[in-house]
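Below are the chains, spelled out letter by letter.
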Amino acid sequence: MSRQPGSRRSFLKFTSTAAAAGAVMPYWFSATRSLADDAAKSPNERPRLGCIGTGDRWKQVFRGASKFFTTLAVCDVDANHAAEGKQIAGAANGEAGFPDQQIDVYEDYQKILERDDIDVVTIVTPDHWHSKIAIEAMQAGKDIYCEKPLTLTINEGKQICKVLKETGRVFQVGTQQRTEMGQRF
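The rules behind these values
- Residues numbered from 1 in each chain as written.
- Predicted model: local features only at pLDDT ≥ 70, side-chain atom pairs only at ≥ 80, totals over all residues.
- Heavy atoms only, no water.
- Pairing = 2+ DSSP bridges.
- Helix = DSSP H or I, 4+ residues; strand = E, 2+ residues; numbered from the N terminus.
- Axes fitted to C-alpha atoms, helices over the stretch in contact; angles between N-to-C directions.
- Contact = heavy atoms within 4.5 Å.
- Disulfide = S-S within 2.5 Å.
- Phe/Tyr/Trp six-rings, centres within 6.5 Å; stacked < 30°, edge-to-face > 60°.
- Buried < 20%, exposed > 50% of the residue type's maximum accessible area, 1.4 Å probe, protein only.
- Parallel < 35°, antiparallel > 145°, perpendicular 65-115°, else oblique.
- Left-handed = near helix turned anticlockwise from the far one by under 90°.

Draft legend 1. Structural context of the sheet that holds strand β2 (residues 70-75). Strand order in the open sheet made by the six strands is β3-β2-β1-β4-β5-β6, with parallel pairing throughout. Two strands lie at the open edges of the sheet, namely β3 (104-106) and β6 (171-174), each paired on one side alone. The sheet shows a mean angle of 20° between the axes of neighbouring strands, direction not considered. Bridge count between β2 and β3: three bridges; the pairing is parallel. Residue pairing in the sheet places V74 in a bridge with V105 of β3. Across the face of the sheet, helix α3 (residues 79-95) comes into contact with β2 and β3 while running at roughly 175° to β2.

Draft legend 2. Region of the structure containing the state of the cysteines. Summed over the entire model, instances satisfying the criterion amount to zero disulfides. Here C75 is not disulfide-linked; the sulfur of C51 is the nearest cysteine sulfur, at 9.8 Å.

Draft legend 3. Structural context of the packing of aromatic side chains. A complete count under the given rule lists two aromatic pairs for this structure. Here the aromatic rings of Y109 and W129 are separated by 6.3 Å at their centres, their planes lie at 65°, and the arrangement is edge-to-face. Taken together, the positions of Y109 in helix α4 (residues 109-113) and W129 in the loop between β4 (120-123) and α5 (130-139) put the pair 20 residues apart, joining distant regions of the chain. On the basis of relative accessibility, which here comes to 34%, the residue W129 falls in the partly exposed class.

Draft legend 4. How the structure looks around the packing of helix α2 (residues 56-65) against α3. Packing of α2 against α3 brings their axes to within 11 Å, and their N-to-C directions diverge by 10°. Taken together, the axes of α2 and α3 are roughly parallel relative to one another. Along this stretch, α2 crosses α3, giving a crossing that reads as right-handed. Residues W58, K59 and F62 of α2 form the contact with α3, whose own contacting residues are E84, G85, I88, A89 and A92.

Written as structure tokens, this is what we have:
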């Protein structure tokens, strides 16, 4: 059996393109409701979002998430990232029909978790913070989208599973090619 010249290269080019496209379109869902159904005319009918970590990767995550949520707060330890995140989130709120929505800026992510008016958080921080923030967010009653890798150890994964079961929160981990394009594994 002869190999087609360039077939491996074509395959890699296709899968790389698909992965890049998938990286910018996180897919949010739960067994009880579809967030796409929550696209509404009133801020009171849309889930309210707090963004923890607003660096370069967050911009891609936020692009996909912003059409489903009204953003109330952004947080980053880098003041420049936080300021740019506020600007990006404000523009997205405006495009969704909520141009007057105030967006608060924090340096400490716990300020977002303390807010009762935030339903969902995105966690797009350096990897070693994912587990800690995710556990605290669930305990604070927030649904979560977290970038991969979710954990650095097996024990962290067990802790997250325990808290997830206790709280019953909606939890999505960004695993490209597993959570988009209609692929539910």
